[in-house]
Amino acid sequence: MTTRLTVTLTKAGRTKIRYPATLVADTGDRISVRAPWAADGVRDFGFVRFEPGDVFTEHFWRSRWYAIKEVRTGEGVLKGWYCDVTRPAVVSDGDVLVEDLDLDLWVSADGATVLRLDEDEFAASGLAEADPAAATEAVRALDGLAAQARTESGLTALLT
């Protein structure tokens, strides 16, 4: 039996995107889901393109301040990992609720490219003033992900 869930990503109190996903695993702390690219059309970041047919295997933690999304083409070719810095996920009644805290990290499939993203958006968000503890956790999460991405085992070590 396939378990369907709805992933809802919020930002600054508003729903950024909501999409259906299929449960892959739930360890009690980490919930993993699989979903096709959910936005309309192509999103070209310059360093990677997300497009219809891409498949995301997404890992959310109830205790960690990030989500890791493995991105593959529809043919299964690994593009890389997109990491969102978030508050810990809340899973309830078939919903995975995640609050985006603006900071992101991209790691290419070969691990050679590790890009910290949206630090300007994070600074402008006002989180550091409104919730200093959350801002500290967000920066700590981004720093930890970036450091882990540069190790020999990369981000996959966080997924075992």
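This part is about the layout of surface pockets. The gaps left among the atoms become clear once a water-sized probe is rolled over them. When its volume is computed, the largest pocket comes out at roughly 510 Å³. Lining the largest pocket are 23 residues, with Lys16, Trp37, Arg43, Phe45 and Tyr82 sitting closest to its centre. With three residues, strand β2 (residues 14-26) is the single largest residue contributor to the lining of the largest pocket. Residue composition of the lining of the largest pocket, by class: 14 nonpolar, no polar and nine charged.

This next bit is on the pairing of strand β7 (residues 66-72). Remark: a regular strand shows side chains that alternate across the two faces of the sheet. Burial runs high along β7: six of the seven residues are buried. As defined by bridge partners, strand β6 (residues 55-61) adjoins β7 across six bridges and the pair is classed as antiparallel. Bridge pairing in β7 links histidine 59 to isoleucine 68. The hairpin turn running from β6 into β7, its antiparallel successor, is four residues long. In the sheet, β7 pairs with strand β8 (residues 78-86) via seven bridges, with the strands oriented antiparallel. In the sheet register, tyrosine 66 faces β8, and the bridge partner there is valine 85. The loop that links β7 with its antiparallel partner β8 comprises five residues; one of these, glycine 76, has a positive phi angle of about 95 degrees.

Cut-off values and rules
- Residues numbered from 1 in each chain as written.
- Predicted model: local features only at pLDDT ≥ 70, side-chain atom pairs only at ≥ 80, totals over all residues.
- Heavy atoms only, no water.
- 1 Å grid on protein atoms, 1.4 Å probe; cavity = no way out; pocket = protein on both sides within 12 Å on 5 of 7 lines; lining within 4 Å.
- Points joined across faces, edges and corners; volume = space filled by probe spheres on them.
- Helix = DSSP H or I, 4+ residues; strand = E, 2+ residues; numbered from the N terminus.
- Nonpolar A, V, L, I, M, F, W, Y, C, P; charged D, E, K, R; others polar.
- Buried < 20%, exposed > 50% of the residue type's maximum accessible area, 1.4 Å probe, protein only.
- Pairing = 2+ DSSP bridges.

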